[in-house]
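Coordinate analysis (summary)
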Amino acid sequence: MLNLKMIGQRIIDMRKKQDMNQEELADALFVTRQAVSKWEMGKGLPSLELLVALTKLFDISIDYLLDSSDVDINDYQTMFMTYPRESVIYKFLHTDHPDKHIKDIFYLLTPKERQVMIDQILSHQVGIKILSLWPYASVKERKYILENVLSKGTDELLTSLYALLTNEERLMVGSNKGYHTYVYQKHVSKKEDKKR
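The following refers to the structure shown. The structure presented is a predicted model; accordingly, all values stated were derived computationally and were not measured.

Attention now moves to the overall build of the chain. Across its full length, the chain carries 14 helices and 0 strands. Along the chain, helices and strands appear, N-terminal first, in the series α-α-α-α-α-α-α-α-α-α-α-α-α-α. Each of the 196 residues in the chain was classed as buried or not, and the buried ones make up 39%. Sequence separation of 24 or more characterises 54% of the internal contacts of the chain that already satisfy a separation of 6 or more.

This model, assessed by the stated rule, comprises 1 aromatic pair. With a centroid separation of 5.6 Å and 90° between ring planes, the pair formed by Tyr76 and Phe92 is classed as edge-to-face. Residue Tyr76 is located in helix α6 (residues 76-82), and its partner Phe92 is located in helix α7 (residues 85-93); the two are separated by 16 residues in the primary sequence. In this structure, Tyr76 and Phe92 share a single accessibility class: buried.

On to the nonpolar core, then. Phe92, Met117, Ile128, Ile130, Ile145 and Leu146 are the most contacted members of the largest nonpolar core, which has 32 residues in total. Within the residue set of this core, elements represented by two or more residues are α6, α7, α8 (98-105), α9 (111-122), α10 (130-133), α11 (139-152), α12 (155-162) and α13 (167-174). If we ignore the near neighbours within four places in the chain, the residues touching Ile145 are Ile118, Leu122, Ile130, Leu133, Trp134 and Ala137.

Mapped onto the secondary structure, Glu40 falls in helix α3 (residues 33-40). Look at Glu40 and you get buried, because its relative accessible area is 9%. The residues touching Glu40, leaving out its near neighbours within four places in the chain, are Gly8, Gln9, Ile11, Ile12, Arg15, Gln22 and Leu25.

The next subject is the layout of surface pockets. The space that makes up the second largest pocket amounts to roughly 160 Å³. Taken together, Val139, Lys140, Arg142, Lys143, Thr166, Glu168, Glu169 and Met172 make up the full set of residues lining the second largest pocket. Residue assignment for the lining of the second largest pocket shows that the elements contributing at least two residues are α11 and α13. The element contributing the most residues to the lining of the second largest pocket is α11, with 4 residues.

This paragraph deals with the pattern of salt bridges. Summed over the entire model, instances satisfying the criterion amount to 5 salt bridges. Salt-bridge contacts for Glu40 lead to Arg15; the nearest nitrogen and oxygen are separated by 2.6 Å. One end of the pair, Glu40, is in helix α3; the other, Arg15, is in helix α1 (residues 4-17), and 25 residues separate them in sequence. On the basis of relative accessible area, Arg15 is assigned to the buried category, the value being 9%. Measuring nitrogen to oxygen at the nearest pair gives 2.6 Å for the salt bridge that ties Arg114 to Glu141. On the criterion of sequence distance, the pair formed by Arg114 in helix α9 and Glu141 in helix α11 is long-range, its members being 27 residues apart. The pair formed by Arg114 and Glu141 is uniform in burial state, with each residue classed as buried.

Analysis parameters
- Residues numbered from 1 in each chain as written.
- Predicted model: local features only at pLDDT ≥ 70, side-chain atom pairs only at ≥ 80, totals over all residues.
- Heavy atoms only, no water.
- Helix = DSSP H or I, 4+ residues; strand = E, 2+ residues; numbered from the N terminus.
- Buried < 20%, exposed > 50% of the residue type's maximum accessible area, 1.4 Å probe, protein only.
- Contact = heavy atoms within 4.5 Å.
- Phe/Tyr/Trp six-rings, centres within 6.5 Å; stacked < 30°, edge-to-face > 60°.
- Core = buried A, V, L, I, M, F, W, Y, C linked by side-chain atoms within 4.5 Å.
- 1 Å grid on protein atoms, 1.4 Å probe; cavity = no way out; pocket = protein on both sides within 12 Å on 5 of 7 lines; lining within 4 Å.
- Points joined across faces, edges and corners; volume = space filled by probe spheres on them.
- Salt bridge = Lys/Arg side-chain N within 4 Å of Asp/Glu carboxyl O.

Structure (structure tokens):
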């Protein structure tokens, strides 16, 4: 059963997000302001044509407008089909422990979204560690991350990453300012400490 109040609230939320008033939304849909008001108060439902027009105008799915069931908080695939991508990514980045759930979302991102997230992680704008992201990054992304880490000379991070590097990535580290020997020695000494 459709929840008209919920649909009305979602129309209000999306209208405000687009910085539109009821009159502007009505003009965009070629309806009266009273029709928009009726929908927003939960006293009526737009026609199918208008629902489709709303989804295009707000860049949302029809499911987002009509489905009253809640989506599981870690079901990013469903969330991407239901809500605007930017809001899903924003919500993910502002969860309590995004490190734990990077595996659930990273593969669903577009290449551009992945790059933006990597840059945010590298610049410490978000609470995700490079080590958490590393297993899910592509070869090209790993190279980009490694080049960035090497350019900053972050020895502690290189030491932590060393065990996860491929032979080719280790050669890349080795060709840069002698880090390979330094990092390798740190890596070996960590292993020996664990054995004791």
